Amino acid sequence: MAKNKVASLEEALAKCHDGMTVMLSGFTNVGSPNKFCRAMADAGLKDLHIIANDAGNDKADGIGTLIVERRARSIVASHVGLNPKVAEQMNEGTLEVTLVPQGTLAERIRCGGTGLGGVLTPTGVGTSVAEGKQEITANGRTYLLELPLRAEVAVVKAWKADTSGNLVYRRVAKNFNPMMAMAADFVIAEVEEIVPVGELDPDAVCTPGVCVDMVVQL
């Protein structure tokens, strides 16, 4: 019998701790685990090292909640411009910000999930992005070696899940969810609906339950 991975919000929060590295899915709040981010802030978690596509906004929604309420020590992201609190805290010296080109960010996360040693990309060669990174020449072209990204916990957002953790995402809300679900030691899925095993169309499942540790309906 398939393992039942449905958990309460309290059980999921118990897997989180101060100072952890956490991947948070989404693209400017689309496909983002907004309610779980709110719960993390309400639980008092602090000094978080966030890996995400962006920093959300300053309206205390989703990932932005953790920035606005100063729950993050650092963030690795491709875009932070919609949340002015990032620049404010960066200038104060209270938030470390690492900007990564979006495609590079996605591939580094993918490498982390598939066990690869890194990705070669021409993006950033000859710019400040290349500082401190190894350059490799192949077929007459220079590339940067970008290393994998992994997290202790990834929190993803799905539309539907079954009780064994198979996930279905809705349209563009898929974005960073599938790759982040493969790149963490423990994966929590915030979902809108949970159904029994066998009710999901197998062709619609994007993240298999083997990648998911807990499913929380919020």
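This text goes with the structure placed above it.
Reading guide: rules and limits
Residues numbered from 1 in each chain as written. Predicted model: local features only at pLDDT ≥ 70, side-chain atom pairs only at ≥ 80, totals over all residues. Heavy atoms only, no water. Phe/Tyr/Trp six-rings, centres within 6.5 Å; stacked < 30°, edge-to-face > 60°. Lys NZ or Arg CZ within 6 Å of the ring centre and 35° of its normal. Salt bridge = Lys/Arg side-chain N within 4 Å of Asp/Glu carboxyl O. Helix = DSSP H or I, 4+ residues; strand = E, 2+ residues; numbered from the N terminus. Buried < 20%, exposed > 50% of the residue type's maximum accessible area, 1.4 Å probe, protein only. Pairing = 2+ DSSP bridges. Axes fitted to C-alpha atoms, helices over the stretch in contact; angles between N-to-C directions. Contact = heavy atoms within 4.5 Å. Expected span 1.5 Å × (residues − 1). Core = buried A, V, L, I, M, F, W, Y, C linked by side-chain atoms within 4.5 Å.

Novice: What is the right way to read the packing of aromatic side chains from this model?
Specialist: Describing an aromatic ring pair means giving the distance of the ring centres and the angle of the ring planes. According to the stated counting rule, one finds zero aromatic pairs in the structure shown. Sitting above the plane of the W159 ring, K160 keeps its charged end 4.8 Å from the centroid.

Novice: So what exactly am I meant to see when it comes to the pattern of salt bridges here?
Specialist: A side chain with one charge can pair with a side chain of the opposite charge if their charged atoms come near. What the rule picks out here adds up to 13 salt bridges. Ionic pairing is found between R70 and E88, a salt bridge with its closest N-O pair at 3.6 Å. A residue pair is termed long-range when its members are at least 10 positions apart, and R70 in the loop between α3 (63–68) and β3 (72–77) and E88 in helix α4 (residues 84–92) qualify at 18 residues. Exposure remark for R70: the relative accessible area of 40% places this residue in the partly exposed category.

Novice: Which parts of the structure should I look at to understand the sheet that holds strand β7 (residues 141–146)?
Specialist: Picture the strands of a sheet paired through backbone hydrogen bonds; they go either parallel or antiparallel. Pairing is antiparallel across the open sheet formed by three strands, whose spatial order is β5-β7-β6. Two strands lie at the open edges of the sheet, namely β5 (119–121) and β6 (135–138), each paired on one side alone. In this sheet, adjacent strand axes meet at a mean angle of 40 degrees when their direction is disregarded. Relative to β7, β6 is paired through four bridges, and the arrangement is antiparallel. By the bridge assignment, A138 is partnered in β7 with R141. Running over the sheet, helix α5 (residues 102–114) touches β5 and β7 and is turned about 165 degrees from β5.

Novice: How do you make sense of the environment of L144 when you look at a structure like this?
Specialist: When you line up the elements, L144 lands in strand β7. For the pair L144 and A72, spaced 72 residues apart in sequence, the C-alpha to C-alpha distance is 28 Å. Residue contacts for L144: discarding those within four places in its chain leaves V119, L120, T121, T123, G124, V125, V129, A130, K133, Q134 and E135.

Novice: Sorry, what's going on with helix α2 (residues 34–42) here?
Specialist: A turn of α-helix holds 3.6 residues, and therefore any two residues three or four places apart point the same way. Residues F36, C37, A39, M40 and A41 constitute the buried set of α2. Its buried side turned inward, α2 meets α1 (9–13), β1 (21–24), β2 (48–52), α3, β8 (151–162) and β10 (184–195). Just past α2, the residue G44 takes up positive phi, approximately 85 degrees.

Novice: What is the right way to read α5 from this model?
Specialist: Under the 1.5 Å per step criterion, the end-to-end length of α5 is 18 Å for 13 residues, consistent within 8% with the ideal 18 Å. Every buried residue belonging to α5 is among T104, L105, A106, R108, I109, C111 and G112, and all of these are buried. For α5, the secondary structure elements touched by its buried residues are β1, β2, β3, β5, β7 and α6 (177–180). G115 occupies a position one or two residues after α5 and carries a positive phi of about 80 degrees.

Novice: Where do I start with the nonpolar core in this structure?
Specialist: Soluble globular proteins: nonpolar side chains tend toward being buried together. Core analysis: the biggest nonpolar cluster contains 33 residues, and M40, I50 and I188 have the highest contact counts within it. For this core, the element with the highest residue contribution is α2, accounting for five residues. Setting aside its immediate chain neighbours within four residues, I50 contacts V22, L24, L66, I67, A72, S74, I75 and V76. With 26 residues, the next largest nonpolar core counts V156, M179, M180 and V191 among its residues.

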